[in-house]
Amino acid sequence: MGIFNRSKNTAATVAAPATAVQGPDLAHLTGDYTIDAAHSRIGFAVRHAMVTNVRGEFAEYEGKLHLDGSNPAASTAELVIKVASISTGQAQRDEHLRTGDFFDAAAHPEITFRSTSAERVDGDTYRLHGDLTIKGTTRPVTLDLEFTGAATDVYGANRVGFEGGTSVDRTAWGLTYNAALETGGVLIGEKVKLTLDVSAVRAS
């Protein structure tokens, strides 16, 4: 995947066309990876009552990556999130988010993301394009990401990491529930900030 075509511990460089963004040779990172949910986080934040943010995360998800260190454009990523695992730290609010007013977890138990292309912007900054499906609606999104490194852990597993995210308009996926405030404005903002902090382990 394009987000991983640079290593902080690699000094070698490879030739590239003048129109391409040049970076080090990370052919050694090419392979299939699985997202380690125990050491990753998929979170979100949305404006509440016009004055503060409610933050939350999804606790259950699976993801896989195919990284091509020599040709980042040939890399792919997939992510499947269990809607029922949503958590904002407040049980009543979490139950409301699972209902038809919001995600309708019973009818649409999963949120999915599938990449369509990837690119290196500069330095450790990358951009991943893909299709995000929520509540039966699929829309294109773009994730801005930073490569955070590659290492072999104490168990001998080869890991790569990245962090970043994007902002989306929840109403584009049919999440339109809201309530008017007596002082003006609405209870819930339409813009949702999505954040990713991911560690992925290479398949043996």
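Preceding this paragraph is the structure being described.
Residues numbered from 1 in each chain as written. Predicted model: local features only at pLDDT ≥ 70, side-chain atom pairs only at ≥ 80, totals over all residues. Heavy atoms only, no water.

Considering a nonpolar patch on the surface
On the surface, Met-50, Val-51 and Val-186 cluster together into a nonpolar patch covering about 280 Å² of accessible area. Secondary-structure assignment places Val-51 in the loop between β2 (41-48) and β3 (52-58). Residue Val-51 is classed as exposed on the basis of its relative accessible area of 65%. (Patch = residues over 30% accessible without salt bridge, like charges linked within 9 Å, V, L, I, M, F, W, Y side chains within 5 Å. Areas by Shrake-Rupley, 256 points an atom, 1.4 Å probe, with all protein chains shown as cover. Salt bridge = Lys/Arg side-chain N within 4 Å of Asp/Glu carboxyl O. Helix = DSSP H or I, 4+ residues; strand = E, 2+ residues; numbered from the N terminus. Buried < 20%, exposed > 50% of the residue type's maximum accessible area, 1.4 Å probe, protein only.)

Points about the pairing of strand β11 (residues 188-202)
Sheet topology note: the strand β1 (residues 31-35)/β11 ladder contains three bridges and is antiparallel. Bridged to Ile-35 within β11 is Ala-200. Sheet topology note: the β2/β11 ladder contains seven bridges and is antiparallel. Bridged to Val-46 within β11 is Val-192. (Pairing = 2+ DSSP bridges.)

Brief notes about the environment of Leu-132
Inspection of the secondary structure puts Leu-132 in strand β8 (residues 125-134). A relative accessible area of 10% means that Leu-132 is categorised as buried. The spacing of Leu-132 and Leu-79 is 53 residues in sequence and 9.4 Å in space, taken between C-alpha atoms.

Things to note about the nonpolar core
In terms of nonpolar packing, the biggest core is built from 39 residues, with Phe-58, Phe-103 and Ile-111 touching the most fellow members. Here this core gets five residues from one element, more than from any other, and that element is β11. Not counting chain neighbours up to four residues away, the residues in contact with Phe-103 comprise Phe-58, Val-83, Ile-86, Leu-97, His-108, Ile-111, Ile-134, Lys-135 and Leu-175. (Core = buried A, V, L, I, M, F, W, Y, C linked by side-chain atoms within 4.5 Å. Contact = heavy atoms within 4.5 Å.)

Some details on unusual backbone geometry
Glycine aside, a negative phi is what most residues show, and trans is what most peptide bonds show. Look at Asp-104: it is not a glycine, yet its phi comes out positive at around 50 degrees. Looking at where Asp-104 falls in the secondary structure, it is placed in the loop between α1 (91-98) and β7 (110-122). Since its relative accessible area comes to 22%, Asp-104 is described here as partly exposed. At Lys-135, a position not held by glycine, the phi torsion is positive, near 55 degrees. Topologically, Lys-135 is positioned in the loop between β8 and β9 (137-152).

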